[in-house]
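# Examining the three-dimensional arrangement
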Amino acid sequence: LAMGGNYTQPRFILLGITDTPWMQAPLFGLFLLIYIVTLAGNIGLMLLVWAAPSLHTPMYFFLAHFSLADVCYSTVTSPKMLTDLLFGDKTISWAGCVAQFHLFALFVTAECHLLAAMAYDRHVAICHPLRYAQAVSPRACWHMVAWSYLVASLSALLYTGCTFGGSFCGRRHVDHFFCDASPVLRLACSDTRGCELAIFALATSNGLGTGGAILLSYARILHAVLGMRSVPSRARAFRTCAAHLASVSVFYGTLFFMYLQPASRHGSRDKVASVFYTVVSPMLNPFIYSLRNKEVKVALGRCRRRV
């Protein structure tokens, strides 16, 4: 079944999270609740950053874009998964599969670079406070966000081209709940080793590049914090970084498990890992950044009183 152009019924079938009938309804209810909380939390955080003047700072500027990326890539995967669980129609068109994977790759890659920008912001704020206004100016913030989306867009084009550029034949059953690179490539009847190597190299450069920048930033932050004589200053510095570190740990942990391993080692555990970074992580991020952040709590209290 050549998928390039002469294929008459370009459709895939997503096998989903489970094929057990009695599990469909409970999973639908659980993931619907998670998706609603994800939308409410992230959109609420974006509106709060926009409405509260006290949050018009570089850190919350990056956080608003981070929440936007969370909403976007969660929306790319969750509604289709929910309709599959509810109605049982797990088919997806060729164009739909390509678009889903492309948008997913774009926003996930953008999140990696936004997390690196947030780590740089914390590094400058703690290690070079006198240069903060110049190094993280509004123009510099827009440049970093634009760079994040530019690199993500180019990377997503390459990911998509490598994943869907070959020919497909035989069964069209994608053993996943969304169109991801590894399960789609397993359906190809052409040699995919070159594509798998290219995807691995690109994922490594994006993941390890941004992850290395984050680790370097926090190594220098740790060195600066340990050199502080004031205990309250140390506690305040650690508190400002705790939320970002928690988000990085959840996001990168599952992402590295998924994309920085050989194709031969991919299996059923991939679905569990994918649930964490496509469903659970976008839901947790607003709570991680708001419940442990005094500035967000104060701004939320002021907005409540104003309403």
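Residues numbered from 1 in each chain as written. Predicted model: local features only at pLDDT ≥ 70, side-chain atom pairs only at ≥ 80, totals over all residues. Heavy atoms only, no water.

Glancing now at a nonpolar patch on the surface. On the surface, Trp147, Leu150, Leu154 and Leu157 cluster together into a nonpolar patch covering about 450 Å² of accessible area. Residue position: Trp147 is located in helix H5 (residues 138–164). (Patch = residues over 30% accessible without salt bridge, like charges linked within 9 Å, V, L, I, M, F, W, Y side chains within 5 Å. Areas by Shrake-Rupley, 256 points an atom, 1.4 Å probe, with all protein chains shown as cover. Salt bridge = Lys/Arg side-chain N within 4 Å of Asp/Glu carboxyl O. Helix = DSSP H or I, 4+ residues; strand = E, 2+ residues; numbered from the N terminus.)

The next thing to look at is the packing of aromatic side chains. Counted by the stated rule, this structure contains 10 aromatic pairs. Judged by centre distance (6.1 Å) and plane angle (50°), the rings of Phe12 and Trp94 are tilted. Highlighted residues: Phe12 in strand S1 (residues 11–14) and Trp94 in helix H3 (residues 94–127), separated in sequence by 82 residues. Trp94 matches Phe12 in its accessibility class, with the two residues each being buried. Linked through ring pairs, Phe12, Trp94, Phe101, Phe164 and Phe168 together constitute an aromatic cluster. (Phe/Tyr/Trp six-rings, centres within 6.5 Å; stacked < 30°, edge-to-face > 60°. Buried < 20%, exposed > 50% of the residue type's maximum accessible area, 1.4 Å probe, protein only.)

The next point concerns the state of the cysteines. What makes a disulfide is a covalent bond joining the sulfur atoms belonging to two cysteines. Counting across every chain of the model gives one disulfide. Covalently, Cys97 is tied to Cys179 through a disulfide, its sulfur atoms 2.0 Å apart. Because the sign of the S-S torsion sets the handedness, a value of about -120° for the bond joining Cys97 and Cys179 places this disulfide among the left-handed ones. Of this pair, Cys97 sits in helix H3 while Cys179 sits in the loop between strand S3 (173–174) and helix H6 (181–185), and the two are 82 residues apart along the sequence. The same class applies to Cys97 and to Cys179, which are both buried. (Disulfide = S-S within 2.5 Å.)

For the rest of this paragraph, the subject is the nonpolar core. A general feature of soluble globular proteins is that nonpolar side chains tend to end up buried together. The biggest cluster of nonpolar side chains holds 87 residues, and the ones touching the most others in it are Phe12, Phe31, Phe62, Leu115, Val136, Ile214 and Phe251. The leading source of residues in this core is H3, at 18 residues. If sequence neighbours within four positions are ignored, Phe31 has contacts with Ile17, Met81, Leu82, Leu85, Val275 and Val279. (Core = buried A, V, L, I, M, F, W, Y, C linked by side-chain atoms within 4.5 Å. Contact = heavy atoms within 4.5 Å.)

So, about the UniProt feature "transmembrane region" (unreviewed entry) in the chain. Feature annotation in UniProt assigns "transmembrane region" (unreviewed entry) to the following positions: residues 27–52, 59–78, 98–120, 140–159, 197–219, 240–260 and 272–291. Secondary structure within residues 27–52 divides into 96% helix and 0% strand; the distance between the first and last C-alpha atoms comes to 37 Å. Note that residues 98–120 is 100% helix and 0% strand, and that its end C-alpha atoms are spaced 33 Å apart. (UniProt positions renumbered as here; feature names shortened; annotations may be inferred.)

Our focus in this paragraph is the side chain of Thr160. Inspection of the secondary structure puts Thr160 in helix H5. For Thr160, the contacting residues outside a window of four places in its chain are Val98, Phe101, His102 and Gly165.

This part takes up the environment of Phe178. Relative to the helices and strands, Phe178 is located in the loop between S3 and H6. For the pair formed by Phe178 and Ile92, sequence separation is 86 residues and the distance between their alpha carbons is 9.3 Å. Apart from residues no more than four positions distant in its own chain, Phe178 is found in contact with Leu14, Thr77, Gln100, Phe104, Ser274, Tyr277 and Thr278.

We now examine the packing of helix H1 (residues 21–51) against helix H10 (residues 294–306). At a closest axis distance of 10 Å, the pairing of H1 and H10 adopts a crossing angle of 80°. Regarding the angle of H1 to H10, the classification is roughly perpendicular. Facing H1, whose interface residues are Leu45, Leu48 and Ala51, H10 presents Val296, Ala299, Leu300, Cys303 and Arg306. When the residues that make up the contact of H1 with H10 are grouped by side-chain class, the tally is seven nonpolar, no polar and one charged. (Axes fitted to C-alpha atoms, helices over the stretch in contact; angles between N-to-C directions. Parallel < 35°, antiparallel > 145°, perpendicular 65-115°, else oblique. Nonpolar A, V, L, I, M, F, W, Y, C, P; charged D, E, K, R; others polar.)

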